[in-house]
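What the coordinates show
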Amino acid sequence: AQSVTQLDSQVPVFEEAPVELRCNYSSSVSVYLFWYVQYPNQGLQLLLKYLSGSTLVKGINGFEAEFNKSQTSFHLRKPSVHISDTAEYFCAVSDKYNTGKLIFGQGTTLQVKP
Amino acid sequence: DAGVIQSPRHEVTEMGQEVTLRCKPISGHDYLFWYRQTMMRGLELLIYFNNNVPIDDSGMPEDRFSAKMPNASFSTLKIQPSEPRDSAVYFCASRPWDSLAGPNTGELFFGEGSRLTVL
């Protein structure tokens, strides 16, 4: 079975500052990794995903994430945040082979302050 | 495409009443998922279907919960009888099969959710 741990429940940051949202996963098999964003009163939207290949993945809105197999991490980064990035961010993992499940972490609330 | 459509958007009901949540997935998507979101437990996978067949319902809390997918364009999640602890936002999501990249690689497309309050 897979599990996801997002290490910070809330991350406050000032506008134009860099940010990193941390994610660690646990799995006995190879996995695919995802980051989703949820704006208030909306469903989740895909930011980026890692399937294979380059460990640095670029997504929408200037976000990127790096897959680190040895540390079982998939941290999300943005070099300069905007007020509009204020939202909840979810890391998720799915099994490469057998099941269709997508398991989400608890979420990290990014609060961008002016 | 209109995206994943859920109804109702909001439901307030009394304990003991039956609740039915509805979902219309994106046409052509092979997978359909039901998630529940609460402050305490985050996003929990309740059940998912592949080609209308329930594959894994291990996340369904108890027998009061049931889900069906009678055809490729419609699914329901029913709670009978409802309890205050069922209060949550219930999301439906669908995903296409990516024939090139393989299973489990595709993006989940979420509906806007159904906010359920059980008094």
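The sections below set out a description of the structure shown in this document. (Residues numbered from 1 in each chain as written. Chains lettered and ligands numbered in written order. Predicted model: local features only at pLDDT ≥ 70, side-chain atom pairs only at ≥ 80, totals over all residues. Heavy atoms only, no water.)

Scanning chain A from terminus to terminus reveals zero helices and 12 strands. For 114 residues, the compact-globule formula gives about 13 Å, and the C-alpha radius of gyration of chain A, at 14 Å, lands near that figure. In terms of its C-alpha atoms, chain A occupies a principal-axis envelope of roughly 45 × 30 × 20 Å. Buried residues in chain A amount to 46% of all 114 residues. A separation of at least 24 residues holds for 57% of the contacts in chain A among residues at least 6 apart in sequence. The positive charge centre, built from 9 side chains, and the negative charge centre, built from 9, are 8 Å apart in chain A. (Helix = DSSP H or I, 4+ residues; strand = E, 2+ residues; numbered from the N terminus. Rg over C-alpha atoms; globule rule 2.2 N^0.38 Å. Buried < 20%, exposed > 50% of the residue type's maximum accessible area, 1.4 Å probe, protein only. Contact = heavy atoms within 4.5 Å. Lys, Arg positive; Asp, Glu negative; His and termini not counted. Charge placed at Lys NZ, Arg CZ, Asp CG, Glu CD.)

Much of the literature gives interface size as the accessible area that the parts lose upon coming together. The partner chain B presents 26 residues to the 24 residues of chain A that form the contact. Note on chain A versus chain B: buried area summed over both sides is about 1800 Å², and carbon and sulfur give 50% of it. Our count for the chain A to chain B interface comes out at three residue pairs in polar contact (both at pLDDT 80 or more). Classifying every residue of the side of chain A that touches chain B gives 10 nonpolar, nine polar and five charged. (Buried area = accessible area lost by both parts, 1.4 Å probe. Polar contact = N/O pair within 3.5 Å; in protein donor to acceptor, adjacent residues only side chain to side chain. Nonpolar A, V, L, I, M, F, W, Y, C, P; charged D, E, K, R; others polar.)

Take the state of the cysteines next. Tallied over the full model, the rule gives two disulfides over all chains. One disulfide in the model links Cys 23 of chain A with Cys 91 of chain A; its S-S distance is 2.0 Å. Handedness here is read from the sign of the S-S torsion; for Cys 23 of chain A and Cys 91 of chain A, about -65°, the answer is left-handed. You can see Cys 23 of chain A sitting in strand E4 (residues 23-26) and its partner Cys 91 of chain A sitting in strand E10 (residues 87-95), a full 68 residues away along the chain. Overall, the relative accessible area of 0% leaves Cys 23 of chain A in the buried class. Between Cys 23 of chain B and Cys 92 of chain B runs a disulfide, and the two sulfur atoms are separated by 1.9 Å. Measuring handedness by torsion sign, the sulfur bridge of Cys 23 of chain B and Cys 92 of chain B sits at about -65° and is left-handed. Linking Cys 23 of chain B in strand E3 (residues 19-24) with Cys 92 of chain B in strand E9 (residues 88-95), this pair joins segments that are 69 residues apart in sequence. In this pair, the class of Cys 23 of chain B matches that of Cys 92 of chain B, namely buried. (Disulfide = S-S within 2.5 Å.)

Turning our eyes to something else, we now look at the environment of Glu 107 of chain B. Tracing the sequence through the fold places Glu 107 of chain B in the loop between E9 and strand E10 (109-110). Glu 107 of chain B sits 11 residues away from Pro 96 of chain B along the chain, and the two C-alpha atoms are 7.6 Å apart.

The biggest cluster of nonpolar side chains holds 28 residues, and the ones touching the most others in it are Leu 33, Trp 35, Leu 47, Leu 48, Phe 74, Leu 76 and Tyr 89 of chain A. Apart from residues lying up to four places away in sequence, Leu 33 of chain A is in contact with Tyr 25, Leu 48, Lys 49, Tyr 50, Phe 67, Phe 74, Ala 92 and Val 93 of chain A. (Core = buried A, V, L, I, M, F, W, Y, C linked by side-chain atoms within 4.5 Å.)

With that settled, the discussion passes to the pairing of strand E5 (residues 31-38) of chain A. Residue and element names in this part refer to chain A. The buried count for E5 comes to eight of eight residues, which makes it a mostly enclosed element. Here E5 shows a buried face lined by Val 31, Leu 33, Trp 35 and Val 37 and a second buried face lined by Tyr 32, Phe 34, Tyr 36 and Gln 38. In this sheet, E10 lies alongside E5 in antiparallel orientation, the contact comprising eight bridges. Across the sheet, Gln 38 pairs through a bridge with Glu 88, a residue of E10. Looking at chain direction, E5 and strand E6 (residues 44-50) are connected through six bridges and run antiparallel. (Pairing = 2+ DSSP bridges.)

On to the side chain of Asp 86 of chain B, then. Along the chain, Asp 86 of chain B falls in the loop between strand E8 (74-79) and E9. Looking at Asp 86 of chain B, the relative accessible area reads 1%, which means it is buried.

Moving on, we come to the sheet that holds strand E1 (residues 5-7) of chain B. The strands making up a sheet associate through hydrogen bonds between their backbones, and the pairing can be parallel or antiparallel. All names here are of chain B. With respect to topology, four strands assemble into an open sheet ordered E1-E3-E8-E7, the strand pairing being antiparallel. The two strands at the open ends of the sheet, each matched to only one other strand, are E1 and strand E7 (65-71). Strand-to-strand, the axes of this sheet are offset by a mean angle of 15°, without reference to chain direction. Where E1 and E3 come together, three bridges link them in antiparallel fashion. Within E3, the residue paired with Ser 7 across the bridge is Arg 22. (Axes fitted to C-alpha atoms, helices over the stretch in contact; angles between N-to-C directions.)

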